[in-house]
Amino acid sequence: MLGAVVIGIGTAGCVRIRDMLVPLRGSPAEKLAVKGFISRRSLEPQQGVSRISLEEALGRDDVHVAFICTENMSHEDNVRMFLQAQKHVCVEYPMTMSYKAAVELWNLAEEKGVILHEEHIELLTEEYKELKREVEGKTLQEGTLHFTGGALKPGFGFPSFSGIARLTWLVELFGELSVSAATLEEDPANSYSKMTAKLLTSDNRSLTWIEERQPGLPRAKNINFQFDSGPLTQIPPAPRGTVGLFMQDLIHFSAKLAGQVSPEELQRERVRVLHCLELAGKIQELCQG
Ligand code: NAD
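Naming follows an unreviewed UniProt entry, where the protein chain appears as Biliverdin reductase A of Pundamilia nyererei.

Pasting the structure below:
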């Protein structure tokens, strides 16, 4: 068994505890046993699991794994501490707020001989899988992905990082991308922000990614992809899967811990994660420059 701790008891952290307490039967997630959680708040036990100190988690021999579920801005420091203590790390996306820091962390994981995994539940949704099937084999002319949502809490960072799930969709659907332009409109009085990034595929097809947020805006993803064969303007409807998204991610992470994921697959994920973080950094630079 591998002992695990959860850092950050928000929505994601509570789901991590729940999933470890009742893992999918017969899956490698059964090998994880939650030993405690770490919070900046002095919380009572959560789902029967007790709070422990950071020092204790870092020092205990029966803690092998850390789940970093804090707000985005504090991921990097938490990941580094646990890697340095030679613990495997699963971090909720985005791993860091810079490409350079993510490269450093990955090198540190390699040096310590531990797994570093970034959760990407958006790639596990049925709607994404359906969209991927729909796009496969088609030649893109141009496209737009427009996300709308409510305001984010503090600590979630620049929109190209907090919205990395949408960027990851575009990279997984259309391959390596480059950034040609990016702008950010803001109206602080109304907590409004709109980031528009102009991206290019490797064969110079234009993709526009918009992240628009304001309190009360419905959470939605609107697509308009023009293919040689015709347009796709709606994400195909898909029934909900039977296994929860965080559980699917937990199974994938624990399969990595059990050595059941090939080095090629690990490398493919690493390249994709780093590519997305590099694009997010360039978008931020262009918006702020
Ligand atoms: P959250 O706001 O629920 O929790 C974030 C952090 O805030 C946690 O460290 C939590 O301990 C702390 N927190 C929450 N309430 C608090 C309070 N009242 N006082 C003090 N601290 C408090 O955020 P979340 O949705 O759990 O997101 C955490 C991470 O998971 C983020 O990196 C996010 O990108 C990622 N993530 C979340 C989801 C999701 O569905 N929630 C999905 C994918 C990725």
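Once you've had a look at it, read on.
Draft legend 1. Region of interest: helix α5 (residues 126-135). The set of residues buried in α5 consists of Tyr128, Leu131 and Val135. Projection of α5 onto a plane perpendicular to its axis shows the buried side chains occupying an angular sector of 60°, all on one side. Just past α5, the residue glycine 137 takes up positive phi, approximately 85°.

Draft legend 2. Main features of the packing of aromatic side chains. Overall, the coordinates contain 5 aromatic pairs when judged by the stated rule. Look at phenylalanine 67 and phenylalanine 253: their rings are 5.5 Å apart centre to centre, the planes differ by 80°, and that puts the pair in the edge-to-face class. Placement of the pair is phenylalanine 67 in strand β3 (residues 65-68) and phenylalanine 253 in helix α8 (residues 245-257), with a sequence separation of 186 residues. The same class applies to phenylalanine 67 as to phenylalanine 253, namely buried. Members of the aromatic cluster, joined through ring pairs, are Phe174, Phe225 and Phe227. Sitting over the ring of phenylalanine 227, lysine 138 keeps its end group 5.7 Å from the ring centre. Over the face of the ring belonging to tryptophan 169 we find lysine 221, whose NZ or CZ atom lies 4.7 Å from the ring centre.

Draft legend 3. Just the pairing of strand β2 (residues 32-38), in detail. Burial analysis of β2 places 5 of its 7 residues in the buried class, the great majority of the element. For strand β1 (residues 2-7) and β2, the ladder comprises 6 bridges, and the chain directions are parallel. What sits directly across from valine 6, in β2, is phenylalanine 37. Traced from β1 through helix α1 (residues 11-21) to β2, the parallel crossover comes out right-handed.

Draft legend 4. Representation of the environment of threonine 233 in the model. Counting through the fold element by element, threonine 233 comes out in the loop between β11 (230-232) and α8. Distance from threonine 233 to valine 65, taken between C-alpha atoms, is 42 Å for residues 168 residues apart in sequence. When sequence neighbours within four positions are dropped, the list of residues in contact with threonine 233 reads Ile223 and Asn224.

Draft legend 5. Just empty space enclosed by the protein, in detail. For the coordinates displayed, the defined rule picks out 1 cavity of 30 Å³ or more. Approximately 40 Å³ is the volume found for the largest cavity. In terms of lining residues, the largest cavity is bounded by Pro159, Ser162, Ser193, Met195, Glu211 and Arg213. If you list the elements that add at least two residues to the lining of the largest cavity, you get α6 (159-162), β8 (192-201) and β9 (206-213). Partitioned by chemical class, the residues of the lining of the largest cavity number 2 nonpolar, 2 polar and 2 charged.

Draft legend 6. Layout of the UniProt feature "domain: Biliverdin reductase catalytic" (unreviewed entry) in the protein chain. The UniProt record marks residues 128-239 with the feature "domain: Biliverdin reductase catalytic" (unreviewed entry), using the residue numbering of this structure. With 21% helix and 45% strand, the stretch residues 128-239 has end C-alpha atoms that lie 11 Å from each other.

Draft legend 7. Fine view of the domain arrangement of the protein chain. As far as domains go, the protein chain holds domain 1 (2-120 + 243-258) and domain 2 (126-237 + 282-288). With centres defined by C-alpha atoms, the gap from domain 1 to domain 2 works out at 28 Å. Tallying the contact residues gives 10 residues for domain 1 and 11 residues for domain 2. Between domain 1 and domain 2 the total buried area reaches about 800 Å² when both faces are included, carbon and sulfur atoms providing 64% of it. Across the domain 1-domain 2 interface, the total number found is 0 salt bridges. In this assembly, domain 1 and domain 2 are joined by 3 residue pairs in polar contact (both at pLDDT 80 or more).

Draft legend 8. Representation of the environment of proline 159 within the structure. Note that proline 159 resides in helix α6. Exposure remark for proline 159: the relative accessible area of 16% places this residue in the buried category. Taking the C-alpha atoms as reference, proline 159 lies 8.8 Å from glutamate 212; in sequence the two are 53 residues apart. Leave out the neighbours within four places in its chain, and proline 159 touches Leu184, Met195, Trp209 and Glu211.

The rules behind these values
- Sequence order as written defines the numbering, with residues in each chain counted from 1.
- Given that this is a predicted model, residues contribute local features only at a pLDDT of at least 70 and side-chain atom pairs are listed and counted only at 80 or more, while totals for whole chains, interfaces and linings are drawn from all residues.
- Values reported for side chains reflect all heavy atoms of the structure, with hydrogen atoms and water molecules removed beforehand.
- Three exposure classes are used, based on accessible area relative to the maximum for each residue type with a 1.4 Å probe and protein chains only: buried under 20%, partly exposed in between, and exposed over 50%.
- A run of H or I in DSSP becomes a helix once it reaches four residues, and a run of E becomes a strand once it reaches two; helices and strands are each numbered from the N terminus.
- The directions from the helix axis to the C-beta atoms are what the arc is built from.
- To pair, rings of Phe, Tyr and Trp, with the six-membered ring standing in for Trp, must have centres within 6.5 Å; the planes then decide the type, stacked if under 30 degrees apart, edge-to-face if over 60, and tilted in the middle.
- Each ring is checked for a lysine NZ or an arginine CZ that lies within 6 Å of its centre and within 35 degrees of its normal; such an atom marks a charge sitting over the ring.
- In this scheme, strands are said to pair when DSSP sees at least two bridges between them.
- Note on handedness: a crossover is taken as right-handed if, strands pointing away from the viewer, the path from the first strand over the helix to the second is clockwise.
- By definition, residues are in contact when any of their heavy atoms lie within 4.5 Å.
- Think of a 1 Å grid over the protein atoms and nothing else: a 1.4 Å probe that fits but is trapped marks a cavity, an open set flanked by protein within 12 Å on at least five of seven lines marks a pocket, and residues with an atom within 4 Å of a point count as lining.
- Grid points are joined across faces, edges and corners, and a volume is the space filled by probe spheres set on the points.
- All residues other than Ala, Val, Leu, Ile, Met, Phe, Trp, Tyr, Cys, Pro, Asp, Glu, Lys and Arg, Gly among them, are scored as polar; the first ten of these are nonpolar and the last four charged.
- UniProt positions are given in the numbering used here, feature names are shortened, and annotations may be inferred rather than shown by experiment.
- Just so you know, the domain bounds were taken from an automatic or database domain assignment.
- Note on terms: buried area is the combined drop in 1.4 Å-probe accessible area of two parts once they are placed together, counting the loss on both.
- Here, a salt bridge means any side-chain nitrogen of Lys or Arg that lies within 4 Å of a carboxyl oxygen of Asp or Glu.
- Contacts described as polar in this section are N or O atom pairs within 3.5 Å, which, within protein, must combine one atom able to donate a hydrogen with one able to accept it, while residues neighboring in sequence count only if both atoms come from side chains.

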